[in-house]
Amino acid sequence: QVQLVESGGGLVQPGGSLTLSCTASGSIFSVYAMGWYRQAPGKQRELVAVARSGGTTNYADSVKGRFTNSTDGAKNTVVLKMNSLKPEDTAVYYCHADLRAFPIGTPRSDYWGQGTQVTVSS
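A. Expanded view of the state of the cysteines. The final tally for this structure, using the stated rule, is 1 disulfide. Disulfide pairing is shown between Cys22 and Cys95; the S-S distance is 2.1 Å. Handedness here is read from the sign of the S-S torsion; for Cys22 and Cys95, about -80 degrees, the answer is left-handed. On the criterion of sequence distance, the pair formed by Cys22 in strand S3 (residues 18–25) and Cys95 in strand S9 (residues 91–101) is long-range, its members being 73 residues apart. A residue is classified by how much of its surface remains accessible, and Cys95, at 0% relative accessible area, is buried.

B. Highlighting the nonpolar core. Within the largest apolar cluster, 28 residues are counted, with the highest numbers of intra-cluster contacts made by Trp36, Val48, Phe67, Leu80, Met82 and Tyr93. Elements with a contribution of two residues or more to this core: S3, strand S4 (28–39), strand S5 (46–52), strand S8 (77–82), S9 and strand S11 (116–120). For this core, the element with the most residues is S9, which contributes 6 residues. For Tyr93, the residues in contact, after removing those within four places along its chain, are Glu6, Leu20, Trp36, Tyr37, Arg38, Val48, Phe67, Leu80, Met82, Gly115, Thr116 and Val118.

C. Looking closely at the environment of Arg66. Relative to the helices and strands, Arg66 is located in the loop between strand S6 (57–59) and strand S7 (67–72). Distance in space between the C-alpha atoms of Arg66 and Leu85 is 7.7 Å, their sequence separation being 19 residues. For Arg66, the contacting residues outside a window of four places in its chain are Lys81, Met82, Asn83, Ser84, Leu85, Lys86 and Asp89. Within the structure, Arg66 has its side chain in polar contact with the side chain of Asp89 (distance 2.8 Å).

D. Region of the structure containing the pattern of salt bridges. Per the stated rule, a full pass over the model turns up 5 salt bridges. As a salt-bridge pair, Glu46 and Arg38 come within 2.7 Å of each other at their nearest N and O atoms. The exposure class of Glu46 is partly exposed, given its relative accessible area of 35%. Its relative accessible area of 5% is what places Arg38 among the buried residues. A salt bridge links Asp89 to Arg38; its shortest N-O distance comes to 3.0 Å. With Asp89 in the loop between S8 and S9 and Arg38 in strand S4, this residue pair connects regions lying 51 residues apart in the sequence. Per residue, the accessibility class of Asp89 equals that of Arg38, and both read buried. Three or more residues joined by partner-sharing salt bridges are found here, namely Arg38, Glu46, Arg66 and Asp89.

E. Geometry of the sheet that holds strand S1 (residues 3–8). Reading across from one edge, S1-S3-S8-S7 is the order of the 4 strands in this open sheet, with antiparallel pairing throughout. Of all the strands in the sheet, just S1 and S7 have a single pairing partner and so form its edges. Adjacent strand axes in the sheet meet at a mean angle of 15 degrees when their direction is disregarded. Pairing between S7 and S8: 6 bridges, direction antiparallel. Note on S8: the bridge partner recorded for Thr68 is Lys81.

Criteria and cut-off values
Position numbers for residues start from 1 in each chain and track the written sequence from start to end. Given that the model is predicted, a residue must reach a pLDDT of at least 70 before its local features are reported, and side-chain atom pairs must reach 80 or more before they are shown or counted; all residues, however, enter totals for whole chains, interfaces and linings. As a rule here, side-chain values come from all non-hydrogen atoms in the structure, and water together with hydrogens is ignored. The disulfide definition used here is simple: a pair of cysteine sulfur atoms within 2.5 Å. Helix and strand labels come from DSSP, where a helix needs a run of H or I of at least four residues and a strand needs a run of E of at least two; each type is numbered from the N terminus. To sort residues, take the accessible area from a 1.4 Å probe on protein chains only and compare it with the maximum for the residue type: under 20% means buried, over 50% means exposed, and anything in between is partly exposed. Only buried residues count toward a nonpolar core, which is a set of Ala, Val, Leu, Ile, Met, Phe, Trp, Tyr and Cys residues joined through side-chain atoms within 4.5 Å. In what follows, a contact means two residues having at least one pair of non-hydrogen atoms within 4.5 Å. For this analysis, a polar contact is any N or O atom pair within 3.5 Å, provided that within protein one partner can donate a hydrogen and the other can accept it, and provided that sequence-adjacent residues contribute only side-chain to side-chain pairs. Here, a salt bridge means any side-chain nitrogen of Lys or Arg that lies within 4 Å of a carboxyl oxygen of Asp or Glu. When DSSP finds two or more bridges between a pair of strands, those strands are recorded as paired. All axes here are fitted lines through C-alpha atoms, helices being fitted over the stretch that makes contact, and every angle between N-to-C directions spans 0 to 180 degrees.

As structure tokens, this is what we get:
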């Protein structure tokens, strides 16, 4: 059984910073990508950032230059550092992992964290 556990989030003023972290645990064979999505009230879930095992990282245009997504492959951990936060960054942030679990032969699948609230407000 694979679980993604998130930490971080909270309330911050515009221009402030927050850091989210997420660790995947369980019987993991291989991780192909880890990153973050977010969903604001009344909107669809959208990609924020994703780091792939090949070394590439992609960001939503709205967060480029402000957010940094980094991974620790040995620990199956992903960290999202968010700077210069704006009210429009307010959303529930979900950790996502594209991975293959044991036993051998288990299909590659998507896994999600429980979500953590980020609120940017004065």
